[in-house]
Amino acid sequence: MSREYPDVFDTLRAMEATESSPGGRNGWVKANINEPDIFFQQAVDYAAWKHKKQKRKGGIQESYINHVLGVSEIIRRAGIEDLPTRVAAILHDTVEDTDATEEEIRYIFGDEVTDLVMEVTDNKALPGWRRKELQLIHAKLSSSDAPPDDEPHMKPLSYKARVIKAADKLYNCNELSL
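None of the values given here were measured: they were computed from a predicted structure.

Criteria and cut-off values
Residues numbered from 1 in each chain as written. Predicted model: local features only at pLDDT ≥ 70, side-chain atom pairs only at ≥ 80, totals over all residues. Heavy atoms only, no water. Helix = DSSP H or I, 4+ residues; strand = E, 2+ residues; numbered from the N terminus. Buried < 20%, exposed > 50% of the residue type's maximum accessible area, 1.4 Å probe, protein only. Contact = heavy atoms within 4.5 Å. Areas by Shrake-Rupley, 256 points an atom, 1.4 Å probe, with all protein chains shown as cover. Core = buried A, V, L, I, M, F, W, Y, C linked by side-chain atoms within 4.5 Å. Polar contact = N/O pair within 3.5 Å; in protein donor to acceptor, adjacent residues only side chain to side chain.

**Q** Looking at this model, I keep getting lost on the overall build of the protein chain. Mind explaining?
**A** In terms of helices and strands, the protein chain carries eight helices and zero strands. Starting at the N terminus, the α and β elements of the protein chain follow one another as α-α-α-α-α-α-α-α. Counting across all 178 residues of the protein chain, residues that qualify as buried make up 44%. Taking the contacts inside the protein chain whose residues are at least 6 apart along the sequence as the reference set, 63% of them involve residues at least 24 apart. Working note: accessible area of the protein chain is about 9,700 Å², and carbon and sulfur atoms make up 53% of it.

**Q** Looking at this structure, I do not really get the nonpolar core. What am I missing?
**A** A general tendency of soluble globular proteins is for nonpolar side chains to be buried together. Of all hydrophobic cores here, the largest spans 37 residues; its most connected members are Tyr46, Val87, Ile90, Leu91, Phe109 and Val113. Put simply, the parts of the chain that give this core at least two residues each are helix H2 (36-50), helix H3 (64-77), helix H4 (83-91), helix H6 (102-119) and helix H8 (159-176). It is H2 that provides the largest number of residues to this core, a total of eight residues. The residues contacting Val113, other than those within four sequence positions of it, are Phe39, Pro84, Val87, Ala88 and Leu91.

**Q** What is the right way to look at the side chain of Thr98 in this model?
**A** Along the chain, the position of Thr98 falls in the loop between helix H5 (94-97) and H6. The exposure class assigned to Thr98 is buried, which follows from its relative accessible area of 16%. Among the polar contacts made by the side chain of Thr98, one reaches the main-chain amide nitrogen of Ala100 at a distance of 3.1 Å. If we ignore the near neighbours within four places in the chain, the residues touching Thr98 are Lys50, His51, Gln54 and Asp93.

Rendered as structure tokens:
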């Protein structure tokens, strides 16, 4: 899969030189969804900053930002131009894998993006085997199903969350073939 992503590496190098994140509350300013290109770029910059020291597991050890950009690109190539979905795809692992918080993402990117991010975020307090088990249950949970007894708050994924989850799995499968 060719990668046609915005170049974030100059931004990362500048941030690393200062060891601080750019501007505003908690280092970030509110993004404006009415300026789509800037909104998208701010999500890329935020994810790149949060994942800056992470590498993907596996043989090629690529920078983690490639994964989240790849997930968003799969969604775009599927013909889904919905900005909140594509931005949530870029942010989908930040709460789970970095020090990002739900509150911080809500402040910067708003309710719709944050709700999608949280819908696809695993509970890291659970053991890995249980998280994987719940992912399978959650993926097939329909609106008429009862949630598991130990996860009564679990509800079916929205269409947009299913799109993000599917693109994430597809990216992971494509990575296996490298």
